[in-house]
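Observations on chain architecture
Each chain is listed here by its residues.
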Amino acid sequence: MSRTVLVVGAGIAGLAAARALGRHGLEYRVVERRPHPSTAGLGLNLPGNAVAALAVLGAADDVRAAGVPVARREYRTAGGRLLFDVDEARFWSGTAGSICVRHQVVLDALTAGVSVDHAVAVASLEQQADGSVNVLFADGSEDRVDFVVAADGVHSTVRSALAPATPRPSLMTAASWRFITANPGVDCWTAWTGRGCTFLLIPVAPGEVYAYASSSQGVDIATLAHAYAAFPEPVTRAVAQALAAPVPPYHSPVEEVRIPTWHHGRVTLVGDAAHATGPVWAQGAAMAMEDAIILADLLAETDDWSTVGSLWEQVRRPRVEHVQRATDQLSRLARLPSWLSHPVAPLMGPRAYRATYEPLRILKKT
Ligand SMILES: Cc1cc2nc3c(=O)[nH]c(=O)nc-3n(C[C@H](O)[C@H](O)[C@H](O)COP(=O)(O)OP(=O)(O)OC[C@H]3O[C@@H](n4cnc5c(N)ncnc54)[C@H](O)[C@@H]3O)c2cc1C
């Protein structure tokens, strides 16, 4: 009997779901409300488990070819003093190494071979007594499918239809600036932290860096220059370049979703729709792709799809909650005054890195 899965959203989670379903020969339809493929112009830091998930999905080669390996991290004060560093290449050796790459490269790699129906937005859905799901689209049309993978992001329409929950601001920062610019002279992942501000630069392509700056000061672009004016030269140079560029830096809220259940009957929320988490440990793409891989495995293995959401959540919740806890811990540490956090950082920082990533090195399927 042929059964169809509807995938809502063609971000990383939805495209990963499509690829993962395709690996098992399962039939799917991907709908995306945007009229055209994305042209996301930002960067993504992909720790080793994200690259490993891309490899499972057959999409790692293009990402490796376009991105820059993240071999070392340096955590510095706002004045430039090194607090501690992490030999990231060594930590992830034996698995896939970490990479920083343009977001668009990841979307393109996951899209290859996947057909997406653009300009199709899900408006609501209803589970039927026979186990199928009736889906209503914004243009008034309807579809009946056997399973729904809701990968429609932090403001998920599907989540709102099932169990409304308002995203909350991330503990680390409620908003951020992001941009890609010419490399101002960093050779590795480098973060500078001081008085409620964090500025991160990561080489993302030859001659280019991806910049992320926390922003609690407001959306006016002048606040970006003001907040980081006293930071070391790579930061001030990157900011000056960004302010002179034709496309202004991208300002957006940083929101989180923490909800008690990620499945309702034959509808399962994945990626940011289920558990958007502040990018403190850069696990958004990894968790989204892992969600997709495990869910597709279960759909392929199990005849009774009414049980799959619950089986899937049992596997995924401990790992995602580990990331959420680690995110909260580092966010609280970062909010301490520097006279308290900086003396303990050389000891606590490397420990927190290992404690966060060690359990993520291998993707557990049960
Ligand atoms: C400031 C910031 C920095 C980040 N940095 C990193 C990082 O360095 N590394 C990392 O791994 N992660 C990072 N993330 C998180 C990461 O980008 C996401 O977790 C990841 O992209 C997964 O997103 P998604 O596919 O679940 O959702 P989205 O990317 O939001 O995709 C959802 C898709 O669904 C579509 N859609 C929405 N509603 C409907 C509807 N009703 N019908 C049809 N389609 C719909 C949308 O148009 C969209 O294309 C960061 C996030 C933020 C906010």
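Residues numbered from 1 in each chain as written. Predicted model: local features only at pLDDT ≥ 70, side-chain atom pairs only at ≥ 80, totals over all residues.

Considering the pairing of strand E16 (residues 197-205)
Every other side chain in a regular strand lies on the same face of the sheet, so the side chains alternate between the two faces. With seven of its nine residues buried, E16 lies for the most part within the structure. For strand E15 (residues 189-194) and E16, the ladder comprises five bridges, and the chain directions are antiparallel. Looking across to E16, one finds that Gly-194 is bridged to Cys-197. Where E15 hands over to E16, the hairpin turn is made up of two residues, of which Arg-195 adopts a positive phi near 25°. Both E16 and strand E17 (residues 208-214) contribute to a ladder of six bridges, which runs antiparallel. Paired with Leu-200 across the two strands is Tyr-212, which belongs to E17. As consecutive antiparallel partners, E16 and E17 are separated by two residues, and within that stretch Gly-207 has a phi angle of approximately 80°, a positive value. (Buried ≥ 20, exposed ≤ 12 C-beta atoms within 10 Å, placed from the backbone. Helix = DSSP H or I, 4+ residues; strand = E, 2+ residues; numbered from the N terminus. Pairing = 2+ DSSP bridges.)

Remarks on the sheet that holds strand E8 (residues 116-118)
Pairing within the open sheet is mixed, and its six strands lie in the order E8-E2-E1-E12-E21-E20. Among the strands making up the open sheet, the edge pair consists of E8 and strand E20 (263-264). Pairing of strand E12 (residues 147-150) with strand E21 (residues 267-269) involves three bridges; the strand directions are parallel. Bridge pairing in E21 places Val-149 opposite Thr-268.

Re the sheet that holds strand E9 (residues 122-127)
What the three strands build is an open sheet, ordered E9-E10-E11; its pairing is antiparallel. Both outer strands of the open sheet, E9 and strand E11 (142-145), are each paired with one neighbouring strand and no more. For this sheet the average axis-to-axis angle between neighbouring strands, irrespective of direction, equals 20°. Pairing geometry for strand E10 (residues 133-137) and E11, over four bridges, is antiparallel. If you follow Val-133 over to E11, its bridge partner there is Val-145. (Axes fitted to C-alpha atoms, helices over the stretch in contact; angles between N-to-C directions.)

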